[in-house]
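# Working through the structure, step by step
What follows is the residue order along each chain.
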Amino acid sequence: IEHDLVPLHEKLTTKEIDELFNYHNITIKELPKILKNDPAIRHLDAKENDVIKITRQSDTAGKAIFYRGVINE
């Protein structure tokens, strides 16, 4: 989790999820998936249908933000 190569993972609140879906006009089914037992999010106590925000450092963009929908398997 605190390794230099592991990007920041954060679990979004319900309000943040609603804002994300409304802004981009998407649903959770349209997001890329991440397993709830993935080592990078295990500490977040994520449940199915939660949304994880991943912030990566980028040499060209400064930082890049990605979203993943949590699935069981």
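Each remark here, short or long, concerns the structure printed above.
## Description of unusual backbone geometry
- Not every positive phi belongs to a glycine, and asparagine 25 is a case in point at roughly 55 degrees.
- Assignment of secondary structure puts asparagine 25 in the loop between α1 (14-24) and β2 (33-35).
- For asparagine 49, which is not a glycine, the phi torsion comes out positive at approximately 75 degrees.
- In this structure asparagine 49 comes out as partly exposed when scored by relative accessible area, which is 48%.

## Digging into the environment of threonine 14
- The topology assignment puts threonine 14 in helix α1.
- Judged by its relative accessible area of 60%, threonine 14 is exposed.
- As for threonine 14 and alanine 46, which are separated by 32 residues in sequence, their C-alpha atoms are 13 Å apart.

## So, the pattern of salt bridges
- Inspection of every chain in the model, using the stated rule, returns two salt bridges.
- Note that lysine 47 is salt-bridged to aspartate 45, the shortest N-O span being 3.2 Å.
- A relative accessible area of 51% means that aspartate 45 is categorised as exposed.

## Things to note about the pairing of strand β3 (residues 51-58)
- The pairing of strand β1 (residues 8-11) with β3 spans four bridges and is classified as antiparallel. Across the sheet, residue leucine 8 finds its bridge partner in β3, namely threonine 55.
- Examined bridge by bridge, β3 and strand β4 (residues 62-71) share eight bridges and lie antiparallel to one another. For arginine 56, the partnering residue across the bridge sits in β4 and is alanine 64.
- Taking the residues between adjacent antiparallel strands as the criterion, β3 and β4 are bridged by three residues.

## Some remarks on the sheet that holds β1
- Pairing within the open sheet is mixed, and its four strands lie in the order β1-β3-β4-β2. Strand pairing shows two members of the sheet lacking a second neighbour, β1 and β2, which therefore form its edges. Between one strand axis and the next, the sheet turns through 40 degrees on average, direction left out of account.

Analysis parameters
- Residues numbered from 1 in each chain as written.
- Predicted model: local features only at pLDDT ≥ 70, side-chain atom pairs only at ≥ 80, totals over all residues.
- Heavy atoms only, no water.
- Helix = DSSP H or I, 4+ residues; strand = E, 2+ residues; numbered from the N terminus.
- Buried < 20%, exposed > 50% of the residue type's maximum accessible area, 1.4 Å probe, protein only.
- Salt bridge = Lys/Arg side-chain N within 4 Å of Asp/Glu carboxyl O.
- Pairing = 2+ DSSP bridges.
- Axes fitted to C-alpha atoms, helices over the stretch in contact; angles between N-to-C directions.

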